[in-house]
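These are the residues of each chain, in order.
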Amino acid sequence: MRRGRAKFQEAAVARVFHSIGRVILRYLEKPVRGYEPFTLSDPVALRQSLEPGDVLLVEGNSRISDVIKYLTQSTWSHSTHYVGPIQGANTRDGEPHVLIEAEVGEGIVSSPLSKYHSYHTRICRPVGLSQEDRASVCHYAIERIGFDYDLKNLVDLMRVLMPLPVPQRWRRRVIALGSGNPTRIICSALIAQAFEVVRYPILPKITRIESKVAQREISQNRPSSNYAPRDFDISPHFQIVKPTLVENFNYKLMDWVDLPAQRPACTNSRGGSE
């Protein structure tokens, strides 16, 4: 009898905390008023530049995005994994889902690239990743669709809302909301775990071992929940790909407000320029 009553009370408390947590989540997910990205991505160039296995960083515009930017001292508040077209996943307009990401309040989902056309983004590419390992990394991410987002409990949400300054040495601990449940993953942890499958480094902990014969460096992976979006940006093992530069950028063809508009050369019927 007592056990039954205790379980009932426990379930009631859990429902209350869940309800309060949902209210806080709705507050955190609201866009910040007056936000404008410093620069926009070229949707066509972005689509043509991405390759499976790439990490796409996003400068978000929600309240929780601002918190993550503060905690990581970075422009980037969200990371997504580009895996290419996912079979059977399309928008109503027929656009394929090509991104895997962990969304607060939704969990691990797939998304179309157009979702971030109006955001400032950055492509981070793992250098030298073999085709076989690239496929393994993408497969791992796709297999996690449907998993929950890792918000351990209401205390974690309250820490995110905490208005007090956070010492730099504690910031990673604050964003590591990991509960240890393998079916609950935060955005950067999802991608970090995918690369761990093939032992591709992001920001490993390096230990130098010296002896009379030689000096060696031993790498050790950090806990996946400690990774933040900016880590892919500053990693020495990821190349920054800028779509506008990939597309044969020519600064001479830019239009400036204080100069006459540039007129492209006309092509005659013989293929020459006039």
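Please refer to the structure higher up on the page.
By convention here, each chain's residues receive numbers from 1 onward along its written sequence. It should be noted that, the model being predicted, local features are given only for residues of pLDDT at least 70 and side-chain atom pairs only at 80 or more, the latter also being counted only at that level, while totals for whole chains, interfaces and linings use all residues. Side-chain calculation: all heavy atoms of the structure are included, whereas hydrogens and water are not.

A. Summary view of the nonpolar core. Among buried residues, the Ala, Val, Leu, Ile, Met, Phe, Trp, Tyr and Cys ones that are joined through side-chain atoms within 4.5 Å form a nonpolar core. Only protein chains enter the calculation, and the probe is 1.4 Å; a residue is then buried if its accessible area is under 20% of its type maximum, exposed if over 50%, and partly exposed in between. Core analysis: the biggest nonpolar cluster contains 18 residues, and Val55, Phe195, Ile202, Phe232 and Phe238 have the highest contact counts within it. The helix and strand labels rest on DSSP assignments: H or I over at least four residues marks a helix, E over at least two residues marks a strand, and numbering proceeds from the N terminus. Per-element accounting of this core gives the leading share, 4 residues, to helix H7 (residues 187-196). For this analysis, residues touch if any pair of their heavy atoms sits within 4.5 Å. Setting aside residues up to four positions removed in sequence, Ile202 forms contacts with Ala192, Phe195, Tyr227, Asp231, Phe232, Ser235, Pro236, His237 and Phe238. Counting 16 residues, the second largest nonpolar core, distinct from the first, contains Val83, Ala89, Val104 and Leu190.

B. Highlighting a nonpolar patch on the surface. Taken together, the side chains of Leu245, Phe249, Tyr251, Met254, Trp256 and Leu259 present a nonpolar region at the surface, about 680 Å² in accessible area. Inspection of the secondary structure assignment puts Leu259 in the segment after helix H9 (243-246). Patches were defined on residues exceeding 30% relative accessible area and lacking a salt bridge, with like-charge contacts within 9 Å and nonpolar side-chain contacts (Val, Leu, Ile, Met, Phe, Trp, Tyr) within 5 Å. The Shrake-Rupley method, run with a 1.4 Å probe sphere, supplies the accessible areas, and residue values consider only the shown protein chains as cover. Criterion for a salt bridge: a side-chain nitrogen of Lys or Arg within 4 Å of a carboxyl oxygen of Asp or Glu.

C. How the structure looks around the sheet that holds strand S2 (residues 78-82). Ordered by their spatial adjacency, 6 strands build an open sheet running S4-S3-S2-S1-S5-S8, and the pairing between neighbours is antiparallel. Of all the strands in the sheet, just strand S4 (107-112) and strand S8 (238-241) have a single pairing partner and so form its edges. Going from strand to strand, the sheet's axes swing by 30 degrees on average, the running direction of each strand aside. Whether two strands pair depends on DSSP finding at least two bridges between them. Bridge count between S2 and strand S3 (residues 97-103): 2 bridges; the pairing is antiparallel. Each residue of the ladder has a partner; that of Tyr82, found in S3, is Leu99. In the packing of H7 onto the sheet, the strands contacted are strand S1 (55-58), S2, S3, S4, strand S5 (121-126) and S8, and the crossing angle to S2 comes to about 40 degrees. To get an axis, a line is fitted to the C-alpha atoms, and for a helix only the part in contact is used. The angle between two axes follows their N-to-C directions and goes from 0 to 180 degrees.

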